[in-house]
Structures are given as C-alpha cells and as structure tokens.
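The residues making up each chain are set out below.
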Amino acid sequence: MNLSSLVVLGITLIVGGLLVSERLRPDLIALMVMVVLGLSGLVPSREVFSGFSSSAVITILGISIISTGLQQTGVTLRLGQFMRRLGHQSEASLVLAVTLVSASLSLFMNNIAAVGVLLPAVMSVARQSNTPPSKLLIPLAYGTILGGMATLLTTSNIIASGALREAGLQPFGLLDFLPIGGPIVLIGSLYLAFVGRRWLPQEGSALTPRSISQLSAELANLYHLHEHLETLEILPLSPLANRSIVESDLANRIGLTIIGVLSNGELKPAPPKSYVLSPGDRLLVEGHCDPATLETLGLRRSPVTPPASMLINESVRLAEVVITPRSSLIGRTLKDTHFREKYSLNVISIWREGRPLHADLGNIPLAVGDALLVQGPADRIRMLREDTDLILLEEDPDAVLRPHKYPLAFWITLLTLGIAALGVLPVAEVVLAGATLLLVTHCLSMDEAYRNIEWKALFLIAGMWPLSIAIRTSGLSDFVAMHMIDLVGQSASILVALTLILLALGFTQLLGGQVAALVLAPLALSTAAQTGLDARGLMMAVALGCSLAFPTPFGHPVNIMVMSSGGYTFKDYVKIGTPLTLLVLLMILVGLKLFWGI
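Residues numbered from 1 in each chain as written. Predicted model: local features only at pLDDT ≥ 70, side-chain atom pairs only at ≥ 80, totals over all residues. Heavy atoms only, no water.

S.K.: Hey, could you run me through the environment of Pro325 in this one?
M.R.: Within the element layout of this structure, Pro325 appears in the loop between strand 6 (316–323) and helix 15 (334–337). You can call Pro325 exposed: its relative accessible area is 63%. Taking the C-alpha atoms as reference, Pro325 lies 8.7 Å from Ala367; in sequence the two are 42 residues apart. Not counting residues within four places of it along the chain, the set of residues in contact with Pro325 comprises Ile330 and Val368. (Helix = DSSP H or I, 4+ residues; strand = E, 2+ residues; numbered from the N terminus. Buried < 20%, exposed > 50% of the residue type's maximum accessible area, 1.4 Å probe, protein only. Contact = heavy atoms within 4.5 Å.)

Below you can see the structure in the form of structure tokens.
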C-alpha cells in the first residue's frame, strides 16, 4: 500500500468517526472532505468539484423541482391518498404499503426519481394519518433499493451486464434478477413493516408541520365556527336566484358571509364572487339573520348544517393572519379596505381580546394584534407571506396551489419518467428537461423551485464525491479487493461469492453502487477465470451486493434524500439497515445456490 492509499484510508476512518459521533452536521463534514482532498492534492483540482456536476446531483436537483410541481398541482396528494387507502388499517400496514409502492415504482425507473416522486406524497400521508414521517421515510428509501434488486434497470446491474457483454459472455436479461430479487422485495418489506419499524425513531424531524386536518379542526374549534354556521336554501322565487354572489351583496346587506355553496350534492368551499346562484342551491353562511329578512330574500333555513371541516378541500384552505403594528388596515374596516376584492379571501371571524367575533365583521375597525380567520384558495393564502399588512401564522403544507395544472403536471412527469426508464437518453438530462418543462408551463415558479430543492442532500453528495475518487485513484480499492480475493481464491464457490458480496457491500458505502460495480466487475471476471466458476453467477453476486446500501446513509443517494425530512441520524441507518443487510445477504446466497449453482 503506497503513501497516498494510507492517507486516504486515514481520512476515510476520520470521516466515519465524525459521522458516527454526530458532533458535526453530515453536509459540513462533506464540505470539509472536499476542502482537505483538494488542498492536499489527493484529488486533482479539476475533479474536486466534479460532484456538483455528477449525474446523481443533477438528478436530485431536477427531481426536487418535479416533486414540488407534483405537490403544488395535486398529483402527490392523490398518490398519497392511494397509499393511505392501501395502509389504512395500522402503522405496520402503512409502512408495508409505502415500501411495496416504492419498490414497485423502482422496478421501472431510477431510484432517485422514484423517491423524488413519492417523498412529498409520503409526507402528506404522514400528516394526514398523524404518523411520524420518521416511520415512513426509511421504508420509502429502502423500498426503492429493494425494488432495484429485482430488475436489470438498476445502474449497478446494467454495469454488471455490460461487463459480461464486453467479455464475450451472455449479458443479463430483464428478468434474470427477478428470481432472487422478487423474494428479497417481499421479505425485506415484511421486515420493515413488522420488525424494523419498531426501531425507527418516533419523533423524526422537528420541522415537520402538523396535518391540515389537525390545523383546520383546531382553528374551527378555536373560533367556535360550529356555533355560527347555518345553511340557507334559495327558494324558486328568491330575488337572489340567477344572480352572482357579488350582486347579492349579502355581507354588506345583512352581515352574512357565504363560505360555501351546496349545489347538486357537491359542496364548493369559498365560491368565487362571480358564481351565479341558482334556485335550490344551499348556502353555507357564517352569521345570523332574522326570519323576516330571510323571507324577504326568499331564503329558508335548512335543518342540516355541514360540519366546519367541509369548509376546505384540496385547494381551498383556512388560515389565521395577524394585523401587523404598522399595517395600513389599522382603524379601517373590512368593507372600507375592500378586503375580499383585494385578497380574494373570506374573513370568517376576528379574534380580539381572547374571544372570536362573528357579528357584522365588515363594519368592525381593525386593530393591532387582531387575528383574522380567512378562507380561500391556497395560492391566495400563500401570497399573504409577502404582504406587509398581515402576518401568516401557519401555512398548510398539503395545499394544492395550482389544481388546474394537474393534468399537465401528471403527463409531463409520466413522459419524463417513461423516457428515463427506457434508457434511451441519460437520466439526469431527461429529469432536468422534465423539471424545466414544468417551470415553463407554470406548474410552479422558479422561486418555489429554489425554496424546495434538497440543498442539504446536494452538498452532502457533492462533498463526499471526491472521497470516492480518492479511494479509487489512490489504489486503495484495488489493494483491498485483490488481497481479499487472494485469501479465498481456491475456497468453496459460495465463499468466493460471499467475499465478492462483502467487498461490494463495503465499497458501496464508500464509493456508491455504481462505482463499486465498475471496480468489482473485472475482479469477478478474473476470479471466474482463475477458479473455473460460472462468471455470470459471480457477476450476479457483485451486482446484488452493490445494492446492499442499507447500513449507512451514504450507500445510496436516496438514503440522504430522506435523512433531513425524517430527522434521521447515522445510527438510525446502522440500527435498521444492518439486520436488513444480513437478511438480504443470506437470501442472495440462497438464491445464488438455487438459481446459479454457486
């Protein structure tokens, strides 16, 4: 072993110690690694920052934008609802559903893309089911890795198959991985649902928002909405029939705020002011009115009032805003400021001096510290973040800001993932093109894209990239591989396969599965030639071993992608991933014996 190899080995051990100790943030450690390797000359200057242009980083960048677009157009909400229906019975069934869905998706697409698409959906499921995200995100990441072991379309599997072709041997077919990978997916999923789930941290990220159902229920109870809501039916001869809401002017005329319309069995929360009222429509209103006035307007009280929870849907939300100390609204009424016309929001109640106000809201002068309970389109509520007159106290993380863009975002994403799965073009370029198309078609804005990119994951991967280069170019990887093979070269075939798998396991944590496959593929061919063992069987051992990315967050980029959102530490991956690694390793050995004669 030369001096460069020894230095790289020392740096690797120090980095491992720092990660285990958790004294520093992982992304900061990665930047330190980049600086040390660059200044020491162990990695050439032209390659120190190559991680930022790597396909993994560009893919994560693009898929972060795509997943944000899917969330804002409602695609991930529907996907989350599907997963929740699959796992509605218990936490274990929910973990199983998430793992199997992610594994199924990774059969046909890049693992990073699969996690990027499913991550916001799983976060939505966690909020709606009151399940800690930490219970679902490692199963999400591990599910994609497990699914990748059952298909040729995983990068390390493709590399192994290509090495066979270049050696003049029969390459792997699309289904060659299924006999071993299929049972691995099933057993791995059951392990995560019924065993590993118990070791997952309970709390997860402290930054995880509450579910919208919790937030809406709390706001409805706090403002006593159930005491001030009633339903009024429009009679056939009502003067309000066939007139728009703005023409009816009920808020100013009798102090009633229309916050929903029930028409033909469908409730429309916060209907636009241009909505035309029809005979038979039932108006969900906030406020009270005397019977004589209702009779004059051709309105009849309905005995059944929808619950406050029906004030919202996927794109209409409740929110609470506070009047700022220097607000231009101070001393003015909602009527004076044309609040509804300006913000396109209904003010349902005003909180003042420890109690909610509901009567004659349009004529109450606003004061510093007043809290307004507003209802309206999620995109209009989002715009309040930039308003200097109001402070938005809490925002719904599951709000669908652009529901009308749902079909467009769905088909753009489906086309992007379909082209990526076919392998006719590089995945990173295809994903970035899809992200750009979503931006161009206004499925999300550039500012929203910047806010939602997984910067921590990008810097972590890019920072650790030079270390994998140093391990390979210094000769450290070749030294370790050759000496281990020398020890077992003439041993039983299953021991040779086990050695290759263990090498792949170790290199995958340090170099990633793609690089590990590049390093070990020629070694497997050489070993087969020296021992007379089946080269395809040994190459299968290498390919599957390169997917054993469970014990550390650095085995695969998908582990890093969920690390922050799930609030995971290095030790969590070791605790959950090590037993899974041993279980999958045993199944690989059994499969090699049964199907490949190793």
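Past the structure itself, the notes keep going.
S.K.: How do you make sense of helix 8 (residues 137–148) when you look at a structure like this?
M.R.: Counting along an α-helix, one turn takes 3.6 residues, and residues three or four places apart therefore face a common direction. With 12 residues, helix 8 should reach 16 Å at 1.5 Å per residue; the first-to-last C-alpha distance of 17 Å fits that figure. Among the 12 residues in helix 8, 12 count as buried, and that is most of the element. Where helix 8 is concerned, the buried positions are Leu137, Ile138, Pro139, Leu140, Ala141, Tyr142, Gly143, Thr144, Ile145, Leu146, Gly147 and Gly148. On its buried side, helix 8 packs onto helix 6 (91–106), helix 7 (111–128), helix 9 (155–166), helix 10 (178–194), helix 26 (557–566) and helix 27 (570–595). (Expected span 1.5 Å × (residues − 1).)

S.K.: How should I be thinking about the pairing of strand 6 in this particular structure?
M.R.: On any regular strand, side chains alternate: one points to one face of the sheet, the next to the other face. With eight of eight residues buried, strand 6 is to be regarded as a mostly interior element. Residues Val316, Leu318, Glu320 and Val322 point to one face of strand 6 and Arg317, Ala319, Val321 and Ile323 to the other, with burial holding for every one of them. Sheet topology places strand 6 next to strand 9 (residues 371–377); seven bridges connect them, and they run antiparallel. Within strand 9, the position partnered with Glu320 by the bridge is Leu373. Inspection of the sheet shows strand 6 paired to strand 10 (residues 390–392) by three bridges, in the antiparallel sense. Looking at the pairing, Val322 lines up with Ile391 of strand 10. (Pairing = 2+ DSSP bridges.)

S.K.: How should the pattern of salt bridges be read in this particular structure?
M.R.: It is possible for side chains bearing opposite charge to pair when their charged atoms get close. Per the counting criterion, the structure on display carries seven salt bridges. Between Arg25 and Asp27 there is a salt bridge, with its nearest N and O atoms 2.6 Å apart. Its salt-bridge partner being Arg352, residue Asp370 comes within 2.5 Å of it at the nearest N-O pair. One end of the pair, Asp370, is in the loop between strand 8 (355–357) and strand 9; the other, Arg352, is in strand 7 (residues 346–352), and 18 residues separate them in sequence. For Asp370, a relative accessible area of 3% gives the class buried. (Salt bridge = Lys/Arg side-chain N within 4 Å of Asp/Glu carboxyl O.)

S.K.: I would appreciate a short explanation of the side chain of Thr68 in the present structure.
M.R.: Examined against the element boundaries, Thr68 turns out to sit in helix 4 (residues 55–73). For Thr68, a relative accessible area of 6% gives the class buried. Dropping the residues within four chain positions of it, Thr68 is found in contact with Leu444, Glu448 and Asn452.

S.K.: Sorry, what's going on with unusual backbone geometry here?
M.R.: Outside of glycine, negative phi angles account for most residues, and trans bonds account for most peptide bonds. One non-glycine residue, His338, lies in positive phi territory at about 50 degrees. Secondary-structure assignment places His338 in the loop between helix 15 and helix 16 (339–343). In this model, Glu353 sits at a positive phi of 50 degrees, which is unusual for a non-glycine residue. A relative accessible area of 77% means that Glu353 is categorised as exposed.

S.K.: Got a minute to help me understand the packing of aromatic side chains in this structure?
M.R.: Each aromatic ring pair is characterised by the separation of its centres together with the angle its planes make. Evaluation of the coordinates by the stated rule reveals 10 aromatic pairs. With a centroid separation of 5.2 Å and an interplanar angle of 80 degrees, the aromatic rings of Phe410 and Trp411 are classed as edge-to-face. Its relative accessible area of 33% is what places Phe410 among the partly exposed residues. Exposure remark for Trp411: the relative accessible area of 54% places this residue in the exposed category. Positioned above the aromatic ring of Tyr406, the side-chain terminus of Arg78 is 4.1 Å from the ring centre. (Phe/Tyr/Trp six-rings, centres within 6.5 Å; stacked < 30°, edge-to-face > 60°. Lys NZ or Arg CZ within 6 Å of the ring centre and 35° of its normal.)

S.K.: So what exactly am I meant to see when it comes to the sheet that holds strand 10 here?
M.R.: Paired through backbone hydrogen bonds, the strands of a sheet run either parallel or antiparallel to each other. Read across the sheet, five strands follow the order 8-7-9-6-10 without closing on themselves; strand pairing throughout is antiparallel. At either end of the open sheet lies a strand with only one pairing partner, and these are strand 8 and strand 10. Adjacent strand axes in the sheet meet at a mean angle of 35 degrees when their direction is disregarded. Of the pairings in the sheet, the one linking strand 7 to strand 8 comprises three bridges and is antiparallel in character. For Ile350, the partnering residue across the bridge sits in strand 8 and is Leu357. (Axes fitted to C-alpha atoms, helices over the stretch in contact; angles between N-to-C directions.)

S.K.: It is not clear to me how the environment of Met587 should be interpreted in this structure. Could you clarify?
M.R.: Looking at the element boundaries, Met587 is found in helix 27. What makes Met587 buried here is its relative accessible area of 19%. Residues Met587 and Ile184, 403 residues apart in the sequence, show an inter-C-alpha distance of 6.8 Å. Setting aside chain neighbours within four positions, we find Met587 in contact with Ile180, Pro183, Ile184 and Ile187.

Bear in mind that shape data such as this cannot, by itself, settle questions of function.
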